[in-house]
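A closer look at the structure
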Amino acid sequence: MDINFDFKGDPVGGNISNYLLEKSRVIYQQPGERNFHSFYQLLFGASDSDLSKLRLKNKVDNYFYVNQGNAASVRSISDRSDYKATQSAFRTLAFSDHEIDTIWRIVAAILHLGNVKFRPDNESVKLDDPGVLDTISGLLSVTNQELRRALCERVIAAKGEVMAKTHNEAQANYGRDAFAKAVYDRLFSWIVQKVNRAINLKDEESSRYRQKTTVIGVLDIYGFEIFDVNSFEQFCINYCNEKLQQLFIELVLKQEQEEYQREGIQWQNIDYFNNQIICDLVEQSHKGIIAILDEACLNVGKVTDEMLVEAMDQKLASHNHYSSRQLKPMEKDLKHKEDFRISHYAGKVTYNINGFLDKNRDALFQDFKRLLYSSNNPTVKEMWPEGAMDIFQTTKRPLTAGTLFKNSMIALVKNLASKEPYYVRCIKPNENKSPVQFDKEQVLHQVNYLGLIENVRVRRAGFAYRQRYDLFLRRYKMISQYTWPNFRSGNDKDGVKVLMDEQGYSDDVKYGKTKIFIRSPRTLFSLEQKRSRMIPGIVILLQKQWRGAICRRRYKKMKAALTIMRVYRLYKMRSYFQALQAIFLNVTSRRDFGKSLRWPNPPLVLRKGVKNLKAIHERWRAWMIIKRIPQEDWPQVRYKVKACDALSNKRSYYGLSRRWEGNYLALNNENSDSVQYNHTINNIKNKDKFKKVGQSRN
């Protein structure tokens, strides 16, 4: 699985590549082994109603394809919980309900297919239980008749003619098993494609992240297998482990020592076993075991597994890592014309040749492909596009299982070799799958054949750490006053030497052409500790500088904002006064001096000031009205204003339209005794020295 990370380290997508699916596990399991987990999840995790729809019961013993290993129940696995998790994962990855249902229908069909049994009928075969056929055809959405024909016979097209060839019992069993393996393989590959469509980076995301993503690949692969009876599957698996061990040797042991020589570091080579000779034994063109297998499969005529052993003995007789009973008669544990032995890096493994040719051919009759392409279920039909091929159309002979396996391994190793690999070596502590048992001999054997001892010897004799001069100086330059903040007295190598001499580590390092090599981890830890002590001060300095820069930037923005606000306020004030000037342009010539004019809405900055302007305008308008009245009448005006305030809405008339005389008793038309009144007032004036009679304020 490749996982894409963005520049922050967050996963943004991924891609899954499936190599070397162990299809044989679908139809056969070694004692103590289980089939693929999906079968047990369905049987133990699905509800009774769902199982009833699939014509299943939660009894593993009822189904041949899952009961051979006698290990259906495992204490560390909860199939019920895993079934729920699988269902949830399907929905999370955008599988539709129809697709999820189809997946479990196919799994159920494979379980039922394992219970299909044949019995001889003259030159053909018949089904023991035709009812099973109804169940399988219903689950795969094909007709019963077409499924029966595909299982019991095959159609051959030659020279424009089509003929049906019936199977014998062995051929029918082979076809059934090949069909089950192919169906599971196609289902597995289809699920991987669906998952990839959900997690792959989309085109727009890919272009956005192209320059910023990091890819981490995780490879999980089965380990070396040695059983009581080892067949073609173990041969392929062990070849796979040979290739990965060869890659390990190339990347870890060989390149490690070659790097010391390349950098000019004094070094004494450590011997190790290079298993390239075993890889060549398996994969070499025209001479390897896979090439001999393919040649036997291509030969016309009856070629048996015994003949295959004879061909291998003839071509590989001189190979030191291959043996058989015919080549070494004294090895009595090898069966004559049935067993051959390969001395793998993990130890000697004896393989039983029976079934090698058939498993290598891995032939699936075209009838099965056409059968599933004709399915009424669109998802099933999508998995078998080659079923659309016309029966008369000749196709290129498919590659054998061994060649496909070899090509997959070559592609896998090429991909791994282009990366920077890190190994997690898993040690099997015992054969009982117990977490509390530790078999010393078994563990020691694994440590030996995995090459871990040689790896440790190389590491111990070599250097714990190496790094390019520029990267090393960039990481540790702060711990020396001569290299911080930048070294300017030579190249990067000179700077590294100055740093290490000052710190007193010169005796524990070697200087290569492009890299520095540190022998002791203690030196590296010491450098890291000193760097760790310096980092907080550097961080504080950077924070201080950055915070200052942020504050200065913020201050400039605030000053700019204030300037913009000031200019904007002036603009709004100027615009308001221009509008006000246009409205009150000829206000002096108006009768009401602008009382009826509507003031424009002032901006926020002028709201208080506009109130004062309005008050000024009111005072000005009052002045313009009052200045028309003779000045000697102003006192009367004041009186009338006060009277208006006091008597408004209380009296209908109080003499506003006439002149107010004030001393009405002195007037003849107002007072008949005005002569006597005036005489009396004059006497009082002369006596009390006052000048005028005023109005009463009551």
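This write-up is about the structure you can find in this document. (Residues numbered from 1 in each chain as written. Predicted model: local features only at pLDDT ≥ 70, side-chain atom pairs only at ≥ 80, totals over all residues. Heavy atoms only, no water.)

1. What about the overall build of the protein chain?
Short version of the rule: Each helix corresponds to a stretch of at least 4 residues labelled H or I by DSSP, and each strand to a stretch of at least 2 residues labelled E; elements are numbered beginning at the N terminus. Both definitions apply: the radius of gyration is a C-alpha atom measure, and the globule rule equals 2.2 Å times residues to the power 0.38. Partly exposed residues are those whose accessible area sits between 20% and 50% of the maximum for their type, while under 20% is buried and over 50% is exposed, using a 1.4 Å probe and protein chains only. Here, two residues are considered to be in contact whenever any of their heavy atoms come within 4.5 Å of each other. Only four residue types enter the tally: Lys and Arg on the positive side, Asp and Glu on the negative side; His and the chain ends are excluded. Here the site of a charge means atom NZ of a Lys, CZ of an Arg, CG of an Asp or CD of a Glu.
Scanning the protein chain from N- to C-terminus turns up 25 helices and 13 strands. Rg of the C-alpha trace for the protein chain: 51 Å, well past the compact-globule value of 26 Å for 698 residues, more than 25% over. Here the C-alpha coordinates of the protein chain stretch approximately 175 × 80 × 55 Å along the principal axes. Expressed as a percentage of its 698 residues, the buried residues of the protein chain come to 37%. When contacts within the protein chain are restricted to residue pairs at least 6 apart in sequence, those whose partners lie at least 24 apart make up 61%. Separation between the mean location of the 113 positive side-chain charges and that of the 78 negative ones in the protein chain comes to 19 Å.

2. Quick notes on the pairing of strand S13 (residues 515-518)
To be explicit about the condition: At least two DSSP bridges between two strands are required for those strands to pair.
Bridge count between strand S11 (residues 465-468) and S13: 4 bridges; the pairing is antiparallel. Bridging from a neighbouring strand, Tyr 465 pairs with Ile 518 of S13. Once strand S12 (residues 509-511) ends, the chain turns through 3 residues before running back antiparallel as S13.

3. Some points on a nonpolar patch on the surface
Selection criterion: Candidate patch residues must exceed 30% relative accessible area and have no salt bridge, after which like charges are joined if within 9 Å and Val, Leu, Ile, Met, Phe, Trp or Tyr side chains if within 5 Å. The Shrake-Rupley method, run with a 1.4 Å probe, gives the accessible areas here. Residue values count only the displayed protein chains as cover. Salt bridges, as used here, are contacts in which a Lys or Arg side-chain nitrogen is within 4 Å of a carboxyl oxygen on Asp or Glu.
A contiguous nonpolar surface patch, about 260 Å² in accessible area, is contributed by Met 1, Ile 216 and Val 218. As for its position among the elements, Ile 216 is in strand S7 (residues 214-217).

4. Some points on the nonpolar core
The cut-off we apply is this: To form a nonpolar core, buried Ala, Val, Leu, Ile, Met, Phe, Trp, Tyr and Cys residues must be joined to one another through side-chain atoms within 4.5 Å.
Formed by 61 residues in total, the largest nonpolar core has its most connected members in Phe 39, Leu 42, Leu 56, Ile 110 and Phe 179. Leaving out residues up to four positions away in the same chain, Leu 42 has contacts with Leu 51, Leu 54, Leu 56, Tyr 83, Trp 104, Val 107, Ala 108 and Leu 111. Counting residues in hydrophobic clusters, the runner-up holds 45 residues, among them Phe 232, Phe 235, Leu 281 and Val 303.

5. Here's the deal with the sheet that holds strand S1 (residues 2-5)
Let me state the cut-off plainly: Helix axes use the C-alpha atoms of the stretch in contact, all axes being lines fitted to C-alpha atoms, and the angles between their N-to-C directions lie in the range 0 to 180 degrees.
Strand order in the open sheet made by the 3 strands is S2-S1-S7, with antiparallel pairing throughout. The sheet terminates laterally at strand S2 (11-15) and S7, the two strands that pair on one side only. Neighbour-to-neighbour, the strand axes of this sheet turn through a mean angle of 25 degrees, independent of strand direction.

6. Focus: the packing of helix H6 (residues 130-140) against helix H7 (residues 144-152)
We count it as follows: For classification purposes, angles smaller than 35 degrees are called roughly parallel, those larger than 145 roughly antiparallel, those between 65 and 115 roughly perpendicular, and all remaining angles oblique. Should the near helix be turned counterclockwise from the far one by less than a right angle, the crossing is left-handed, whereas a clockwise turn marks it as right-handed.
Axis separation between H6 and H7 bottoms out at 9 Å; the angle between their running directions is 115 degrees. In terms of orientation, H6 and H7 fall into the roughly perpendicular class. The way H6 lies across H7 gives a crossing that is right-handed. Between H6 and H7, the residues in contact are Pro 130, Leu 133, Asp 134, Ile 136 and Ser 137 and Asn 144, Leu 147, Arg 148 and Leu 151, respectively.

7. Things to note about helix H8 (residues 169-199)
Within an α-helix, residues lying three or four positions from one another point in the same direction, as the helix has 3.6 residues per turn. Put simply, the rule is: Multiplying 1.5 Å by the helix residue count minus one yields the expected span of that helix. Here a polar contact is recorded for every N or O atom pair within 3.5 Å, except that within protein the pair must consist of a potential hydrogen donor and a potential acceptor, and residues adjacent in sequence are included only if both atoms are side-chain atoms.
Taking 1.5 Å per residue as the helical rise, H8 with its 31 residues ought to reach 45 Å, and the 45 Å between its terminal C-alpha atoms agrees with that figure. A side-chain oxygen of the first residue of H8 lies 3.2 Å from the backbone nitrogen of Ala 170; this N-cap is Asn 168.

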